[in-house]
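Now for the letters of each chain:
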Amino acid sequence: MTLRTRSAPSRRLALAQLINSVGDGAYYVCSALYFTRVVGLSATEVGLGLTIGWAAGAVAGVPLGHLADRRGARGTAAALAVAAAAAVAVFLAVRGLPAFVLAAVLYTCCQCGLGAARQALLAALVAGRERTRVRAYLQSTTNAGLAAGAALGGLALRLDTAAAYRAVLAVDALAFLAAALVLTRLPAVAPSPPAASGAPRLAVLRDRPYALITALHTALLYMPLLSVVIPLWVVQRTEAPRWTVAALLVLNTLGVVALQVRVARGVRDLRTATRHIRAAGALMLASYAAFALTAATASPWTALAVLLAAACLQVLGETALASGAWEISFGLTPDDRHGQYQGFFGTGAAVARMLGPLLLTWLVLGGGPLGRLAQATQLGAVEGLGRGVRVELPGLGHGGFPLSRNGHAGLNFRSTQAHRVIGTAFSANDSPEGVCRSHGLAQQGKCGPEPAQRPAWPPVRCADGGHADPVPGPALKL
């Protein structure tokens, strides 16, 4: 996929993301040293401020995504990019912990909200069958921008002066402003209508199947294994050369840039998406097992070879998981709620940044053999969960029939062992799944027989007073 094969909105989305990621890459490389060596904060204070910030970002993502739905995704995304630029400018002026924490909260909230608004823009401007492929292209663009930005940050590290670090933050602020300008050139997106009377405004918070997919995505993709734990593992537990850390990071970045679009081409619907997630779980489990083996390798070059092989497996698993998860995240979202749903989906990144370093360093480096056994057990459970995500329709068995989802037809949660319903997706009044005749779906042939003909499925009344035929919908099997 190239820019020339995509529509003008897709190209502008990619350009905005590229500009933004160049600034982010430079910021990520230099921010810790800027806050400790220029501002004068301790490492503990920086960690505390960023933890508080990402906690706030995790909470703010859904409301800001809902704002994008209700007020228009284009304007919301541009406004949040401008606000993020202001937050970075505040970083340039902070001189103590309180101001740093406030700026970190503003920065992370804007970042989380901006991500949700951008995905809402993508969903509105790109046809459904193309969203995952375009999203993959945007991810490759982001990784390329981060690499370019990291190179700029490397120059600042080489100079190691306060002026160089401040210049990097200024570049990041200007990048946000430039991205906002590009976003304003996109077509306007009409705001979504308000929720029906009695319906929850933030319906995603009550959507358990979507929460499961988000948790799975967070556990496998966003935990900072390669950026935090693997560098410490290489230095403390293996005989590999220290420059291996940089080689692994470069391999991961280039691998995602080269493979993400190609892997995403294999995702065409929710059936193929679940296959990719199952494959990703197996690949990542094999990757982490290979990483663990390097602790018992005496030869530096053997350890290096095994680490590189493990990193290759991780790239394959990462690209497969991302492609499948994107398809599911869009496919299970009501058309008028992409902002809040993508805001919830994006909270995984904030949660992982907040808890991942502490959790993984304790589990992998501080837990000894018991900790590594717990990690393997956790990864095996996640991989098994990926294998359990499959689609079932009544009368069709455990086939790979594509899931369908709109604001009214829902999903079941069922146990693979007992086939017990443990939860449902919610309609406006928390009713069981059903299709409301009052929403015009009867004329589309989506309503089943009258409830009297199916006594096992009692009638449901929608919040707006319409009649609902509780037709059993597709079930997300676990």
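Before reading further, recall that the structure is shown in the block above.
Residues numbered from 1 in each chain as written. Predicted model: local features only at pLDDT ≥ 70, side-chain atom pairs only at ≥ 80, totals over all residues. Heavy atoms only, no water.

### As for unusual backbone geometry
The criterion, for reference: To qualify as a helix, a DSSP run of H or I must reach at least 4 residues; to qualify as a strand, a run of E must reach at least 2; elements of each kind are numbered from the N terminus.
The phi dihedral of Asp160 falls on the positive side, at around 55 degrees, and the residue is not glycine. Structurally, Asp160 is set in the loop between α5 (131–159) and α6 (162–184).

### A word on the packing of aromatic side chains
Applied cut-off: Note on aromatic contacts: the rings of Phe and Tyr and the six-membered ring of Trp form a pair at centre separations within 6.5 Å, being stacked when their planes are under 30 degrees apart, edge-to-face when over 60 apart, and tilted otherwise. Relative accessible area decides the class of each residue, using a 1.4 Å probe on protein chains only: under 20% of the type maximum gives buried, over 50% gives exposed, and in between gives partly exposed.
Summed over all chains, the structure comprises 13 aromatic pairs. Centroid distance Phe91 to Phe100: 6.1 Å. Interplanar angle 40 degrees. Geometry classified as tilted. Phe100 matches Phe91 in its accessibility class, with the two residues each being buried. Look at Trp243 and Trp301: their rings are 6.5 Å apart centre to centre, the planes differ by 45 degrees, and that puts the pair in the tilted class. Placement of the pair is Trp243 in the loop between α8 (225–237) and α9 (244–264) and Trp301 in helix α11 (residues 300–331), with a sequence separation of 58 residues. Take Trp301: its relative accessible area is 56%, and that puts it in the exposed class. An aromatic cluster is built from Tyr27, Tyr28, Tyr34, Phe35, Phe91, Phe100, Tyr107 and Phe176, whose rings are joined through pairwise contacts.

### Points about the environment of Gly343
Keep this limit in mind: Two residues qualify as a contact provided that any one of their heavy atoms is within 4.5 Å of a heavy atom in the partner residue.
Structurally, Gly343 is set in helix α12 (residues 338–366). For Gly343, a relative accessible area of 3% gives the class buried. In the structure, Gly343 is positioned 280 residues away from Pro63 in sequence and 7.8 Å away in space, judged by C-alpha atoms. Those residues in contact with Gly343 that lie beyond four places of it in its chain are Gly61, Val62 and Ala116.

### Focus on the pattern of salt bridges
Convention followed: By convention in these notes, a salt bridge is any Lys or Arg side-chain nitrogen within 4 Å of a carboxyl oxygen on Asp or Glu.
In the structure shown here, the tally under the stated rule is two salt bridges. Notably, a salt bridge pairs Asp160 with Arg37, separated by 3.1 Å at the nearest N-O pair. On the criterion of sequence distance, the pair formed by Asp160 in the loop between α5 and α6 and Arg37 in helix α1 (residues 8–39) is long-range, its members being 123 residues apart.

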